[in-house]
Amino acid sequence: MSDDRVSFLRGCIRDIPDFPKQGILFKDITPLLADVDAFRTCIQLMAEALDGEPVSAVVGIESRGFMFGAALADKLGVGFVPVRKPGKLPAATYRAEYELEYGSDAVEIHQDALGPGDRVVVVDDLIATGGTAQATGELVQQCGAQVTAFVFVINLIALEGTKKLAPTPVITVLDF
Ligand code: AMP
């Protein structure tokens, strides 16, 4: 995306070196959240990029995907579904695992959260390797639903995470 609104939003992302560990440049979205104009602009850009695509639910990935996903769901006039780390959701769940640099992690969704015929937008604050988003896409499929698009505030382009999500469309507001 490229317009004045995007430049404004870029200025609301704070770089924190060596967090949560040495060598990671953490992209801190809290200044964007704290600025109501920035937050609204970000959600507006996401909605515009979806371009009237039919959507029946927004799926947000724990935890920063909840903030952007819930606001986008409200904007689109559809419900919000949380995807959480293992053991957090109270009812019956599906589970998908993904690889980390060392070991693996997993995400879960309520089995009855989505069903056949649902067309879903998956939202997170940032895509790095794409592993978390790919696993979330698998959860949506396990429910019998379909991912219409993946939406991220930030794309760390050098890591090429969006390649893992092809051929599903990927919308990113800010590329770094
Ligand atoms: P990945 O599965 O590698 O695409 O990682 C994406 C998840 O990790 C997202 O939920 C991000 O919030 C978080 N994440 C990964 N790298 C960063 C980073 N450099 N700054 C902030 N969050 C990150």
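This is a predicted model, so every value here is computed, not measured.

Reading the values: the criteria
Residues numbered from 1 in each chain as written. Predicted model: local features only at pLDDT ≥ 70, side-chain atom pairs only at ≥ 80, totals over all residues. Heavy atoms only, no water. Salt bridge = Lys/Arg side-chain N within 4 Å of Asp/Glu carboxyl O. Buried < 20%, exposed > 50% of the residue type's maximum accessible area, 1.4 Å probe, protein only. Phe/Tyr/Trp six-rings, centres within 6.5 Å; stacked < 30°, edge-to-face > 60°. Helix = DSSP H or I, 4+ residues; strand = E, 2+ residues; numbered from the N terminus. Lys NZ or Arg CZ within 6 Å of the ring centre and 35° of its normal. Expected span 1.5 Å × (residues − 1). Contact = heavy atoms within 4.5 Å. Core = buried A, V, L, I, M, F, W, Y, C linked by side-chain atoms within 4.5 Å. Pairing = 2+ DSSP bridges. Axes fitted to C-alpha atoms, helices over the stretch in contact; angles between N-to-C directions. Near = heavy atom within 4 Å. Polar contact = N/O pair within 3.5 Å; in protein donor to acceptor, adjacent residues only side chain to side chain. Areas by Shrake-Rupley, 256 points an atom, 1.4 Å probe, with all protein chains shown as cover.

Draft legend 1. Quick peek at the pattern of salt bridges. Evaluation of the coordinates by the stated rule reveals ten salt bridges. A salt bridge links Arg5 to Asp3; the shortest N-O distance between them is 3.0 Å. Residue class for Arg5 comes out partly exposed when judged on its relative accessible area of 29%. One salt bridge connects Glu160 with Lys163, and the closest N-O pair in it is separated by 3.3 Å. When its relative accessible area of 45% is taken as the criterion, Glu160 is described as partly exposed. Within the structure, one salt-bridge network assembled from shared partners comprises Asp3, Arg5 and Glu48.

Draft legend 2. Main features of the packing of aromatic side chains. Considering all chains together, one arrives at three aromatic pairs under this definition. Judged by centre distance (5.7 Å) and plane angle (65°), the ring pair of Phe39 and Phe68 falls under edge-to-face. Of this pair, Phe39 sits in helix H3 (residues 36–50) while Phe68 sits in helix H4 (residues 64–76), and the two are 29 residues apart along the sequence. Neither Phe39 nor Phe68 differs from the other in exposure class; each is buried. With 6.0 Å between their ring centres and 85° between their planes, Phe66 and Phe80 make a pair best called edge-to-face. Of the two residues, Phe66 is situated in helix H4 and Phe80 in strand S4 (residues 79–83); the sequence distance between them amounts to 14 residues. According to the relative accessible area criterion, Phe66 is partly exposed, its value standing at 21%. We note Arg10 situated over the ring of Phe176; from NZ or CZ to the ring centre the distance is 4.3 Å. Across from the ring centre of Phe176, 3.9 Å away, lies the NZ or CZ of Lys27, which sits over that ring.

Draft legend 3. Spotlight on helix H5 (residues 131–142). Its twelve residues place the ends of H5 17 Å apart at the C-alpha level, agreeing with the 16 Å of an ideal helix rising 1.5 Å per residue. Burial in H5 covers these residues: Gly131, Ala133, Ala135, Thr136, Gly137, Leu139 and Val140. Those residues of H5 that are buried are in contact with strand S3 (57–61), S4, strand S5 (93–99), strand S6 (104–110), strand S7 (119–127) and strand S8 (146–155). Where H5 ends, the next residue or the one after it, Gly144, has phi of about 85°, a positive value.

Draft legend 4. Molecular detail of the nonpolar core. Leu9, Leu32, Met46, Phe68, Leu72, Val153 and Leu174 are the most contacted members of the largest nonpolar core, which totals 30 residues. Within the residue set of this core, elements represented by two or more residues are helix H1 (4–10), H3, H4, S7, S8 and strand S9 (170–175). With eight residues, H3 is the single largest residue contributor to this core. Those residues in contact with Leu32 that lie beyond four places of it in its chain are Leu9, Cys12, Ile13, Ala38, Phe39, Cys42, Phe68 and Val153. In this structure, Val81, Val83, Phe150 and Phe152 belong to the second largest nonpolar core, which totals 23 residues.

Draft legend 5. Geometry of the sheet that holds S4. Spatially, five strands are ordered S4-S3-S7-S8-S9 in an open sheet, and the strand pairing comes out parallel. The open sheet is flanked by S4 and S9, the only strands paired with a single partner. Each adjacent strand pair in this sheet contributes to an overall mean axis angle of 20°, direction not counted. Bridge analysis of S7 against S8 gives eight bridges, and the strand direction is parallel. Each bridged residue has a counterpart across the sheet, and for Val122 the counterpart in S8 is Phe150. Sheet strands in contact with H4 are S3, S4, S7 and S8, and its direction is about 140° off that of S7.

Draft legend 6. Examining the site of the ligand more closely. Close to the ligand lie 14 residues, the nearest being Arg64, Asp125, Thr129, Gly130 and Thr132. A distance of 2.8 Å is found between an oxygen atom of the ligand and a side-chain nitrogen or oxygen belonging to Asp124. One of the side-chain nitrogen or oxygen atoms of Thr132 is found 2.5 Å away from an oxygen atom of the ligand. Surface burial for the ligand is 80%, taken as the share of its 490 Å² of free accessible area covered by protein chains. Ranked by residues supplied to the shell around the ligand, first place goes to S7 with four residues.

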